[in-house]
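# Analysis of the macromolecular model
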Amino acid sequence: MDLNAWRRRRISEPAYRWARKAMPPLSATEREAIEAGDTWWDADLFTGNPDWRKLLDVPAAALTPDEQRFIDGPVAQLCAMLDEWDITWNRRDLPPEVWAFLKAQRFFGMIIPKRYGGLGFSPYAHSEVVRRISAYSITAGVTVMVPNSLGPGELLLQFGTPAQRDYWLPRLADGREVPCFGLTSPEAGSDAASMVDTGVVCRQVVDGRELIGVRLNWHKRYITLGPVATVLGLAFKMSDPDGILGGARDIGISVALVPTEAPGVEIGRRHLPAMQVFQNGPNRGHDVFVPLDALIGGAERAGHGWQMLMSALAAGRGISLPSLSAAACVMSAHATGMYARVREQFGIAVGKFEGVQERLASLAANAYLVEAARRLTCAALNQGVKPAVVSGIMKYHATERMRVSVNDAMDVHAGRAVIDGPSNYLGALYRAVPIAITVEGANILTRNLIIFGQGAIRAHPYLMPEMLALGNPDEERGMEVFHDVFWRHLRHTGMNALRAVGRAWTGGVLAPSPVSGPTARHYRRLGRYASGFALLADATLAQLGGGLKRREMISARLGDILSELYLLSAVLKRWEDEGRKHDDLPLVHWCMLQGYAEIEKRMDQVLSNLPGRVMAWGLRAAILPLRLAKGPDDALTRECAELLLKPSPTHARLAADLQRAAADRVDSDDPLALLTRAFAVVDAVQPIRDRLKQSGVRDWREAHRRGALTDAQAAQLQEAEAIVSRVLQVDDFAPEDLSPQVAAADAAPAERPAVQVETAVKPPAASGDAQSS
């Protein structure tokens, strides 16, 4: 008997027929979204047996000399020009000189190759520029990121015709054209297929010549840079009811470049997103005619707009918001650690209270992890990979960890961060959180439908070929391919089941590690969870099939496991890339232990909610016989918190080149520079204070009078007291400065409101801070 023929007739063919009926058809937009971009390390994780040496061999992201010069030159100059309070509350926009500087230095052309007049930067350099600017101004950071992310520039580079690139890219690079992109409309947010914006193929006489083109009607909103844009990238549904092009009547989603000065375009009004003042607003078009060559990629690309957008997003989503989020996590950790060191209550620094130390440890670990994941993702992008699933992971988890970090920072700062004014360095970050959570794919959608939904199909070693075979209109050929892939899938699942059981029941001891030393155990344990995840994913897909699309909570939890595996891989990779710094190990261990607890929690939730209970019990016995991951213990949490409470090489690495130079005077108007100075001064005088405490004299003035302190030591303590007092103060305003009814009659240019801040030397405890009550 021919065993292969028997398996095909008795097993493969019935499975093929059942699956063809059970598998829900993919919509065009779903298929294009799934097929966009590339797989990368996510595919290794899906195998259940990732090759760790492959990960460690990925070259670390690095700047070229030209890119470093740009960071040290124009980027540093730009940051010195930015005053976020003035931008937000006085001007409601970037100053004219900043706009001019951005254009002159080609900030809007970072991704455009040098042959078109752009800077030709790598994805990592693009990310670094956005990260550093965002640490000074969210408004400026968003303004720079958008033209270099999902927009006309990226689309032209990937899909534009030679003529379109030659014309538009030089103009975008030097700022003659300011781009925006119109996708979201009142009817269509995440569900772009439901957009009602239309483009009808027609003939129209223009300057005495009859042209074939598209008559556009649209209403878009939430369009960043829209109010100041000179060219609009527009997504719309294209149709050809009169058959002018000789093809389909309903062509599908297409993308065109529309000059905003074209007749029928209405643009210029503004939204105010969460009191952030980057340019954002709605626009409309009524019977706007553009020739066919306005379609990005020409007429040949008509109807391919969604695939084009998803391909561009696969890269851009992994850069823009993760860069801003990394800046927010680092700044939150850095500033909060310094503040918790200089702020005292009950006679000790608030950073010594264990409740605060829990937040500090989380802040430090989040800063380390998000920055690690940003660098790893940029390393992939630098190699030309467009990792669609990884970009979704980064967008969701970087912005969610930004939310956690900023909230933790606000909690520790208390009233100091609640009162707005030029001295508040956290308020803008706090207001930016809901924007980051929402744009470039709302986080709820990304977690529930995209990370695992797209990842399972694209990154799984066999699922995509099986689905293509099932969808093949030639059933005989489809059956032939399905039979081959199906049995390879079964063999893979069987081997992975044995691997998962062995690793789970031995605590990962049998899993491989590419290194020896203190992190070897983490590679083994991640290997254990990767094999368990792969088996759980296969079993869930087998049981729920296409129904998994409607079981969003299960899909989201599986996506959480995949995400944790990626993020923890990035942590280990960062520690290796930075030279295995022993002082950073507490952060590595904290991140890993916290991640293990999250993985086991999500596995438990999936197993508890699978409808097939017998299978669920068997899977639990195989991959999660015991829940052993409890997260970091108190001793490790205290150790991580202490890393933020004193100057050290680890603290400097965590700050990741975003720390401000210490202020050289007490009346400096840069609150973070003042805090940096206070942090250094307080640390320097701590040995003097310790000796005073041991002597029983708490008042340094009394000790100085008794001769227990030298004049130099007394001067140090006085300086520390003065600068801490200055750091703890909050802003207040004259009533007329806050009233919209005043200055309406004042036509003078906007000026910085008069802000009173006490500068006299006072005891460290200051009024206006919730922690003093």
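Above this text you will find the structure in question.
The sections below set out a description of the structure shown in this document. (Residues numbered from 1 in each chain as written. Predicted model: local features only at pLDDT ≥ 70, side-chain atom pairs only at ≥ 80, totals over all residues. Heavy atoms only, no water.)

## Examining the nonpolar core
Condition: Here the nonpolar core consists of buried residues drawn from Ala, Val, Leu, Ile, Met, Phe, Trp, Tyr and Cys, with membership extended through side-chain atoms lying within 4.5 Å. For every residue, the accessible area obtained with a 1.4 Å probe (protein chains only) is divided by the maximum for its type, and the residue is called buried under 20%, exposed over 50%, and partly exposed between those limits. Residues count as neighbours in contact if any of their non-hydrogen atoms are within 4.5 Å of one another.
Residues Phe107, Phe533, Leu536 and Tyr566 are the most contacted members of the largest nonpolar core, which totals 189 residues. The residues touching Phe533, leaving out its near neighbours within four places in the chain, are Leu45, Phe46, Phe452, Leu558, Ile561, Leu562, Leu565 and Met603. Leu150, Leu156, Ala173 and Ala235 belong to the second-largest nonpolar core, a separate cluster that totals 29 residues.

## What about the side chain of Glu400?
Worth spelling out the cut-off: Only DSSP runs of H or I with at least four residues qualify as helices, and only runs of E with at least two residues qualify as strands; both kinds are numbered from the N terminus onward. Polar contacts, as used here, are pairs of N or O atoms within 3.5 Å; protein pairs need one atom able to donate a hydrogen and one able to accept it. Residues neighboring in sequence count only if both atoms are side-chain atoms.
Within the fold, Glu400 resides in helix H15 (residues 388–413). Within the structure, the side chain of Glu400 is placed 2.8 Å from the side chain of Arg403, a separation counted as a polar contact. For Glu400, the residues in contact, after removing those within four places along its chain, are Ile437 and Asn443.

## Regarding the environment of Ile419
By the secondary structure assignment, Ile419 is in the loop between helix H16 (415–418) and helix H17 (427–438). Note: C-alpha distance between Ile419 and Phe236 (183 residues apart in sequence) is 44 Å. Excluding residues that lie within four positions of it along the chain, Ile419 makes contacts with Asn424, Val730 and Asp731.

## Structural notes on the pattern of salt bridges
Basically, it comes down to this: Note on definitions: salt bridges are taken to be side-chain nitrogens of Lys or Arg within 4 Å of carboxyl oxygens of Asp or Glu.
In this structure the tally under the stated criterion is 43 salt bridges. Across the pair Glu578 and Arg375 runs a salt bridge whose closest N-O atoms are separated by 2.8 Å. Taken as a pair, Glu578 in the loop between helix H22 (552–577) and helix H23 (585–609) and Arg375 in helix H14 (residues 354–382) lie far apart in primary sequence, 203 residues in all. Asp604 is the partner of Arg627 in a salt bridge, and the nearest nitrogen-oxygen pair spans 3.7 Å. Residue Arg627 is located in the loop between helix H24 (613–623) and helix H25 (634–644), and its partner Asp604 is located in helix H23; the two are separated by 23 residues in the primary sequence. Arg627 sits in the partly exposed class, given a relative accessible area of 36%.

## What to know about the environment of Leu429
Residue placement: Leu429 occurs in helix H17. Among residues more than four places away in sequence, those in contact with Leu429 are Ile138, Ala328, Met331, Ser332, Met402 and Val406.

## Describing the packing of aromatic side chains
What describes a pair of aromatic rings is the distance from one ring centre to the other and the angle between the planes of the rings. Let me state the cut-off plainly: Planes of paired rings set the category: under 30 degrees apart is stacked, over 60 is edge-to-face and the rest tilted, where pairs are Phe, Tyr or Trp rings (Trp by its six-membered ring) whose centres lie within 6.5 Å. Two limits define a charge over a ring: the Lys NZ or Arg CZ must be within 6 Å of the ring centre, and within 35 degrees of the ring normal.
Enumeration according to the criterion identifies 17 aromatic pairs in this entry. The side chain of Arg574 reaches across the aromatic face of Tyr368, ending 4.2 Å from its centre. The ring centre of Tyr136 lies 3.7 Å from the NZ or CZ of Arg660, which sits over that ring.

## Considering the packing of helix H21 (residues 520–544) against H22
To be explicit about the condition: Working convention: axes come from line fits to C-alpha atoms, limited for helices to the stretch in contact. Angles between N-to-C directions cover 0 to 180 degrees. Working rule for angles: under 35 degrees goes down as roughly parallel, over 145 as roughly antiparallel, 65 to 115 as roughly perpendicular, anything else as oblique. Throughout, a crossing is termed right-handed when the near helix is turned clockwise from the far one, and left-handed when it is turned anticlockwise from it by less than a right angle. Classification convention: Asp, Glu, Lys, Arg as charged; Ala, Val, Leu, Ile, Met, Phe, Trp, Tyr, Cys, Pro as nonpolar; all other residues, Gly among them, as polar.
Relative orientation of the contacting elements H21 and H22 amounts to 160°, with a least axis distance of 11 Å. When the axes of H21 and H22 are compared, the pair comes out roughly antiparallel. Once H21 is placed against H22, the crossing between them reads as left-handed. Listed contacts from H22 to His522, Tyr523, Leu526, Tyr529, Ala530, Phe533, Leu536, Thr540 and Leu544 of H21 are Ile554, Leu558, Ile561, Leu562, Leu565, Leu568, Ser569, Leu572 and Glu576. Class assignment of the residues belonging to the contact of H21 with H22 gives a composition of 14 nonpolar, three polar and one charged.

## What to know about the packing of helix H19 (residues 463–470) against helix H20 (residues 475–505)
Where H19 meets H20, the axes come as close as 8 Å, and the angle between the chain directions of the two elements is 155°. Comparing the axis directions of H19 and H20 gives the class roughly antiparallel. By crossing handedness, the relation of H19 to H20 is classed as left-handed. Residues Pro465, Glu466, Ala469 and Leu470 of H19 form the contact with H20, whose own contacting residues are Gly478, Val481, Phe482, Val485, Phe486 and His489. Tallied by class, the residues present in the contact of H19 with H20 amount to seven nonpolar, two polar and one charged.

## Some points on helix H12 (residues 305–316)
Under the convention used in this document: Any helix carries an expected span of 1.5 Å times its number of residues minus one.
Taking 1.5 Å per residue, 12 residues should reach 16 Å; H12 reaches 16 Å between its end C-alpha atoms and fits that length. Within H12 the residues assigned to the buried category are Gly305, Trp306, Met308, Leu309, Met310, Ser311, Ala312, Leu313, Ala314, Ala315 and Gly316.

## Some remarks on the pairing of strand E1 (residues 179–182)
Under the convention used in this document: We treat two strands as partners when DSSP finds at least two bridges between them.
Burial of the side chains of E1 extends over both faces: Pro179 and Phe181 are buried on one face and Cys180 and Gly182 on the other. Where E1 lies against strand E4 (residues 231–239), four bridges are found, and the strand directions are parallel. Paired with Cys180 across the bridge in E4 is Leu232.

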